[in-house]
Amino acid sequence: MAATKITTSNESLLSDNTTTSNESASLLLRTNTPSSRNSISSSIRHTPTKNNNEIVSKDGGEQYSSFTKLSAAFSYGITSIAIQLVNKITLTTYEFPSANAVALAQCVFVVVALSLGKAFGYIQYPSITYASIKAVMPLPLIQILNVSCGLFGTKAISIPMFTTLRRISVPLTLLSEVYLLKLPVSRRVKLSVALLMAGAVVAAMNDLSFDATGYAAIFTSAVATTAYGTLSKVKLSSMTKWEVLYINSIVSIPFFSLLLNLNRNTMSQLYDFPSWSDPWFLLFFLMTSCLGFWLNFFILFNTQVNGPLSTTVVGTTKNIFTTYAGMLGSIGGDYVFSWPNFIGLNVSMGGALCYSAAKILEQRTTRNDVLLPIMANENSSSTSLVDTNKKESRE
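Residues numbered from 1 in each chain as written. Predicted model: local features only at pLDDT ≥ 70, side-chain atom pairs only at ≥ 80, totals over all residues. Heavy atoms only, no water.

I keep staring at the overall build of the protein chain and nothing clicks. Help me out?
Check the secondary structure of the protein chain and you find 15 helices and two strands. The buried share of the protein chain, taken over its 395 residues, is 46%. A sequence separation of at least 24 residues applies to 84% of the contacts in the protein chain between residues at least 6 apart. As presented, the protein chain carries roughly 19,800 Å² of accessible surface, and 64% of it is formed by carbon and sulfur atoms. (Helix = DSSP H or I, 4+ residues; strand = E, 2+ residues; numbered from the N terminus. Buried < 20%, exposed > 50% of the residue type's maximum accessible area, 1.4 Å probe, protein only. Contact = heavy atoms within 4.5 Å. Areas by Shrake-Rupley, 256 points an atom, 1.4 Å probe, with all protein chains shown as cover.)

Dropping the structure here:
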């Protein structure tokens, strides 16, 4: 699947439609006969226009429909929920001794799956070269940091606090889009982010199961998530999703192997882990290895189709389910209830929902601001043709 460079700029939409209007006006000026006017009127009525639900690639290539965009976001959200559940069960419920071992298993599965897919002709991606590894850097290094810290935080902290602290990626992504992509920020977005962060601070200050190392790991993972989402949007303009996934995993395998071998105590715990003979544990371990591949794919796919901000918004929204599941003890069973913490968690979730709604409203408003003047111009041109035809009929 070839990756396509996507542009969502209002200028591109305006330019495309304005060009169509100008061409129609030019035809009117060059034509004076009734038959020609009728022909032009018919051509304008039947001129195909771009679907407003599609994003048009800058180079005129692949287009993404609303169904494709929603499917990408939904698939990422469901996969993210599933892997969070199985990771928590594997690392906390079964007390698996090493988060890096889980990350290594996920990378190995990605390499094997992509290699088999390419061998049987289901997918295509270029052979790995030094130039391609250099081109994708520093994504693999960011991925290593993100996965390692994220899995460690999952093991150390309850799911409700984990999901709340991960929301720091929202303001970080917002800052990256403002200063790197030069995008404006509405007042609604600023207020929702402030509410989101205020709730997270209140919840963290009243966390009865506070773990400083786990908190540091989650903050690091949030920063890495933001950087990965923003940079992958750039890298996918010249590389396929499969190529990026394959290189990320190939580069990550030796790093995670080195981290495991540096700690001899961890290696002995892995060898002596009693649940290797438990079929349920093996099922969850297999699931977390497989879902690592699909999560990486849907992160890249959603980032390519909808942009890095969408990946952060979907990730924030789906955390509502996992947060309440963790509070009820359905996941992990390590949440310690207190009213200030509970209130902070809910305020943060409310801010996350307001943020998502603000971004959706902002996108629709921007689209209407661009398309309404264009539709008015086209209606004006069509009306003038009808009036001219009526006048000639009377004559």
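When you look at the side chain of Ser 338 in this model, what are you seeing that I'm missing?
Here Ser 338 lies in the loop between helix 14 (308-327) and helix 15 (339-394). We classify Ser 338 as buried; its relative accessible area is 12%. Those residues in contact with Ser 338 that lie beyond four places of it in its chain are Asn 206 and Leu 208.

Is there a simple way to think about the packing of helix 6 (residues 139-156) against helix 10 (residues 212-235) in this case?
Packed helices, taken two at a time, are described by the angle between their axes plus the distance between the axes. Interhelical geometry of helix 6 versus helix 10 gives an angle of 145° and a closest axis separation of 8 Å. Viewed along their axes, helix 6 and helix 10 form a crossing whose handedness is left-handed. (Axes fitted to C-alpha atoms, helices over the stretch in contact; angles between N-to-C directions. Left-handed = near helix turned anticlockwise from the far one by under 90°.)

For this particular structure, what's the right way to read a nonpolar patch on the surface?
Where nonpolar side chains cluster on the molecular surface, the patch consists of Val 108, Val 112, Leu 116, Phe 120 and Tyr 122 and spans about 580 Å² of accessible area. Tracing the chain through its elements places Val 112 in helix 4 (residues 99-119). (Patch = residues over 30% accessible without salt bridge, like charges linked within 9 Å, V, L, I, M, F, W, Y side chains within 5 Å. Salt bridge = Lys/Arg side-chain N within 4 Å of Asp/Glu carboxyl O.)

Please explain unusual backbone geometry as it appears in this structure.
Backbone phi values are negative for most residues with the exception of glycine, while trans is the configuration of most peptide bonds. Of note, the bond from Met 137 into Pro 138 is cis; its omega dihedral lies within 30 degrees of zero at 5°. Within the fold, Pro 138 resides in the loop between helix 5 (130-136) and helix 6.

Would you explain empty space enclosed by the protein in this entry?
Left-over empty space is what a probe sized like a water molecule reveals as it rolls over the atoms. Here the structure, examined in full by the defined rule, presents one cavity of 30 Å³ or more. Taken as a whole, the largest cavity holds about 780 Å³ of empty space. Residue lining of the largest cavity: 43 residues in total, with Asn 146, Arg 166, Thr 225, Leu 295 and Ile 299 positioned closest to the centre. Residues belonging to the lining of the largest cavity are distributed by class as follows: 14 nonpolar, 26 polar and three charged. (1 Å grid on protein atoms, 1.4 Å probe; cavity = no way out; pocket = protein on both sides within 12 Å on 5 of 7 lines; lining within 4 Å. Points joined across faces, edges and corners; volume = space filled by probe spheres on them. Nonpolar A, V, L, I, M, F, W, Y, C, P; charged D, E, K, R; others polar.)

Would you explain helix 9 (residues 187-205) in this entry?
It helps to recall that an α-helix has 3.6 residues per turn; residues three or four apart then point in one direction. For helix 9, with 19 residues, the first-to-last C-alpha span of 27 Å sits near the 27 Å given by 1.5 Å per residue. Along helix 9, the residues classified as buried are Val 189, Ser 192, Val 193, Leu 196, Gly 199, Ala 200, Ala 203 and Ala 204. Along helix 9, the residues classed as buried sweep out an arc of 135° about the axis, all on the same side. When the buried face of helix 9 is taken as reference, the exposed residues oriented beyond 90 degrees from it are Arg 187, Lys 190, Leu 191 and Met 205. (Expected span 1.5 Å × (residues − 1). Arc of directions from axis to C-beta.)

Honestly, the environment of Lys 190 in this entry has me stumped. Any pointers?
Secondary-structure assignment places Lys 190 in helix 9. Judged by its relative accessible area of 52%, Lys 190 falls in the exposed class. For Lys 190 and Ala 358, which are 168 residues apart along the polypeptide, the C-alpha to C-alpha distance reads 9.4 Å.

Which parts of the structure should I look at to understand helix 11 (residues 241-262)?
Compared with the 32 Å implied by 1.5 Å per residue over 22 residues, the 32 Å span of helix 11 between its first and last C-alpha is a close match. For helix 11, the principal kink sits at Ser 252 and spans about 30°; a proline, Pro 254, occurs within the next four residues. (Bend = angle between axes of the 7 residues up to and from the residue.)

Please clarify how the side chain of Asn 248 should be interpreted in this entry.
Turning to its location among the elements, Asn 248 is positioned in helix 11. Accessibility expressed as a relative area gives 4% for Asn 248, which makes it buried. When neighbours within four sequence positions are excluded, Asn 248 is seen to be in contact with Leu 139, Pro 140 and Tyr 228.

Teacher, can you tell me more about the packing of aromatic side chains here?
Two descriptors summarise a pair of aromatic rings, namely the distance from one centre to the other and the angle between the planes of the rings. If you walk through the whole model with that rule in mind, you get 19 aromatic pairs. Seen in terms of ring centroids, Trp 276 and Phe 285 are 5.7 Å apart; in terms of plane orientation they differ by 75°. Their pairing is edge-to-face. For Trp 276, a relative accessible area of 33% corresponds to the partly exposed category. A relative accessible area of 16% means that Phe 285 is categorised as buried. Taken together, the ring pairs in this structure connect Tyr 94, Phe 96, Phe 273, Trp 276, Phe 281, Phe 284 and Phe 285 into an aromatic cluster. (Phe/Tyr/Trp six-rings, centres within 6.5 Å; stacked < 30°, edge-to-face > 60°.)

Help me out: how do you make sense of the nonpolar core in this one?
The tendency in soluble globular proteins is for nonpolar side chains to be buried as a group. Membership of the largest hydrophobic core comes to 54 residues, with the highest contact counts inside it found for Phe 96, Leu 114, Trp 242 and Leu 245. Residue assignment for this core shows that the elements contributing at least two residues are helix 3 (66-93), helix 4, helix 6, helix 10, helix 11, helix 12 (264-271) and helix 13 (279-306). At 12 residues, the largest contribution of residues to this core is made by helix 13. (Core = buried A, V, L, I, M, F, W, Y, C linked by side-chain atoms within 4.5 Å.)

Looking at this structure, how should I read the environment of Leu 195?
Note on placement: Leu 195 falls in helix 9. Here the alpha-carbon distance between Leu 195 and Ser 348, two residues 153 residues apart in the chain, equals 6.5 Å. The contacts of Leu 195, once residues within four sequence positions are left out, are Val 347, Ser 348, Gly 350 and Gly 351.

I keep staring at the packing of helix 11 against helix 13 and nothing clicks. Help me out?
Relative orientation of the contacting elements helix 11 and helix 13 amounts to 135°, with a least axis distance of 10 Å. Of the possible angle classes, the one that applies to helix 11 and helix 13 is oblique. Of the two elements, helix 11 crosses helix 13, and the hand of that crossing is right-handed. Within the contact between the two elements, helix 11 uses Lys 241, Trp 242, Val 244 and Leu 245 and helix 13 uses Phe 293, Asn 296, Phe 297, Leu 300, Phe 301 and Gln 304. Per-class residue counts for the contact of helix 11 with helix 13 are seven nonpolar, two polar and one charged. (Parallel < 35°, antiparallel > 145°, perpendicular 65-115°, else oblique.)

Help me understand the confidence of the model for the protein chain in this model?
Interpreting fine coordinate detail is not advised for predicted regions of low pLDDT. Averaged over every residue, the pLDDT of the protein chain is 75; the share at 70 or more is 73%. When mean pLDDT is taken per element in the protein chain, helix 4 scores highest with 92 and helix 1 (residues 10-30) scores lowest with 37. Note that pLDDT drops below 50 for residues 370-378; the model gives that stretch 10 contacts with residues more than four away or on any other chain. Segment residues 380-386: pLDDT under 50, and six contacts once partners within four positions in sequence are set aside and those in other chains are kept. (pLDDT = per-residue confidence, 0-100.)

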